[in-house]
Amino acid sequence: MHIDLFLTCVNDALFPATGQATVRLLERLGHTVGFNPAQTCCGQMHLNTGYRDDALDLVRKFVRDFKDSEVVVMPSGSCAAMVRELYAEAACWAGDDELLKDVEDLAPRVFELSEFLVNKLGVTDVGAYYPHRVTYHPTCHAMRALRVGDAPLQLLRNVRGMTLVELAGANECCGFGGTFAVKNPDVSAAMLTDKARHIIDTGAEACTAGDNSCLLHIGGGLHRLRSGARTVHLAEILASTEQEVFI
């Protein structure tokens, strides 16, 4: 099928390798991938901090940019949850029935990467090779809003050469939560300390997740503790092959 990639602003600004990995992975599976250069932010940051009017502008823009897409895939559970869970609410707040209709039409065609692969395509083995010891952190939006379940783990269990180790307290938030980490730094830091300790206890070389925003937070904690462990997005592991491994 033809897949339109929504890269997300965090990945565009800080983690372009994740977008490149997503494209390589989907094309390796036989699909064509399009990228609309007009895309910007999904509006989640604005909505979460109370800027409803600014968020609504971005909701309308996203709908305009992708309303004709066969399917939209994004390497981010939080942004996918924003579109699927909160866009309709935004349209209702605005009293915009036409926008609500467009959102309800588009939302079922928007997917986080792992749920798209497993639940939409029925693929659990993407031919990946990643010779490292890895643990997995399920991000809050993917787990609680999108309910992707064990889709990421199904994919990771089929990665050749990789040792997947269970993470204690995996379902606990890492403490990022966007502006939560800024507005509640002490609580956020305590949550991050717990998460980092559990990751270090696994002896993993890397911690993976489906959201780079969470991995940015976790990676900072692991670095400050001089743990030697790194973070890597799920897409980069799945895109790795014996010929090219994303480090």
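Residues numbered from 1 in each chain as written. Predicted model: local features only at pLDDT ≥ 70, side-chain atom pairs only at ≥ 80, totals over all residues. Heavy atoms only, no water.

**Remarks on the overall build of the chain**
Here is step 1: A tally of regular secondary structure across the chain gives 13 helices and eight strands.
Here is step 2: Taking 247 residues into account, the globule formula puts the C-alpha radius of gyration at 18 Å, and the chain, at 18 Å, falls close to it.
Here is step 3: On the principal axes, the C-alpha backbone points of the chain span a range of 50 × 45 × 30 Å.
Here is step 4: Taking all 247 residues of the chain together, 50% fall into the buried category. (Helix = DSSP H or I, 4+ residues; strand = E, 2+ residues; numbered from the N terminus. Rg over C-alpha atoms; globule rule 2.2 N^0.38 Å. Buried < 20%, exposed > 50% of the residue type's maximum accessible area, 1.4 Å probe, protein only.)

**Re helix α12 (residues 212-224)**
Here is step 1: Taking 1.5 Å per residue as the helical rise, α12 with its 13 residues ought to reach 18 Å, and the 18 Å between its terminal C-alpha atoms agrees with that figure.
Here is step 2: Three or more residues of α12 are buried, namely Asn 212, Ser 213, Cys 214, Leu 215, His 217, Ile 218, Gly 221 and Leu 222.
Here is step 3: At the C-terminal side of α12, Arg 226 shows a positive phi close to 55 degrees. (Expected span 1.5 Å × (residues − 1).)

**Brief notes about the pattern of salt bridges**
Here is step 1: Counted under the stated rule, the structure contains six salt bridges.
Here is step 2: Across the pair Lys 61 and Asp 65 runs a salt bridge whose closest N-O atoms are separated by 3.0 Å. Of the two residues, Lys 61 and Asp 65 are both situated in helix α4 (residues 52-66); the distance of four residues between them amounts to about one turn of the helix. You'll find Lys 61 and Asp 65 in the same group, each marked buried.
Here is step 3: In this structure, Arg 197 and Asp 194 form a salt bridge, with 3.3 Å as the shortest nitrogen-oxygen distance. Taken together, the positions of Arg 197 and Asp 194, both in helix α11 (residues 185-202) and three residues apart, correspond to about one turn of that helix.
Here is step 4: On the accessibility criterion, Arg 197 (40% relative accessible area) is partly exposed. (Salt bridge = Lys/Arg side-chain N within 4 Å of Asp/Glu carboxyl O.)

**Description of the UniProt feature "domain: Cysteine-rich" (unreviewed entry) in the chain**
Here is step 1: UniProt records the feature "domain: Cysteine-rich" (unreviewed entry) for residues 5-83 and 134-218 in the present numbering.
Here is step 2: Helix and strand shares over residues 5-83 are 58% and 9% respectively, and the end C-alpha atoms of the span are 14 Å apart.
Here is step 3: The span residues 134-218 carries 49% helix and 12% strand; its end-to-end C-alpha distance comes to 14 Å. (UniProt positions renumbered as here; feature names shortened; annotations may be inferred.)

**What to know about the nonpolar core**
Here is step 1: Membership of the largest hydrophobic core comes to 29 residues, with the highest contact counts inside it found for Phe 116, Leu 117, Val 126, Ile 237 and Leu 238.
Here is step 2: At the level of elements, α2 (16-28), α7 (113-120), β5 (133-136), α9 (151-157) and α13 (234-239) are the ones that each hand at least two residues to this core.
Here is step 3: The leading source of residues in this core is α13, at five residues.
Here is step 4: For Leu 238, the residues in contact, after removing those within four places along its chain, are Leu 25, Arg 28, Leu 117, Val 126, Ala 128, Leu 155 and Val 159.
Here is step 5: Core analysis: the next-biggest nonpolar cluster, separate from the first, contains 28 residues, Leu 47, Val 63, Val 83 and Val 110 among them. (Core = buried A, V, L, I, M, F, W, Y, C linked by side-chain atoms within 4.5 Å. Contact = heavy atoms within 4.5 Å.)

**What to know about the pairing of β5**
Here is step 1: As paired strands, β5 and strand β6 (residues 163-165) are joined by three bridges and run parallel to one another. If you follow Arg 133 over to β6, its bridge partner there is Thr 163.
Here is step 2: Sheet analysis places β5 next to strand β7 (residues 206-209), joined by three bridges and oriented parallel. Across the sheet, residue Thr 135 finds its bridge partner in β7, namely Cys 207. (Pairing = 2+ DSSP bridges.)

**Some thoughts on unusual backbone geometry**
Here is step 1: The residue Arg 147 is not glycine, and still its phi comes out positive at about 55 degrees.
Here is step 2: Assignment of secondary structure puts Arg 147 in the loop between α8 (140-145) and α9.
Here is step 3: You will see that Arg 226, though not glycine, has its phi angle at about 55 degrees, which is positive.
Here is step 4: Relative to the assigned elements, Arg 226 resides in the loop between α12 and β8 (230-233).

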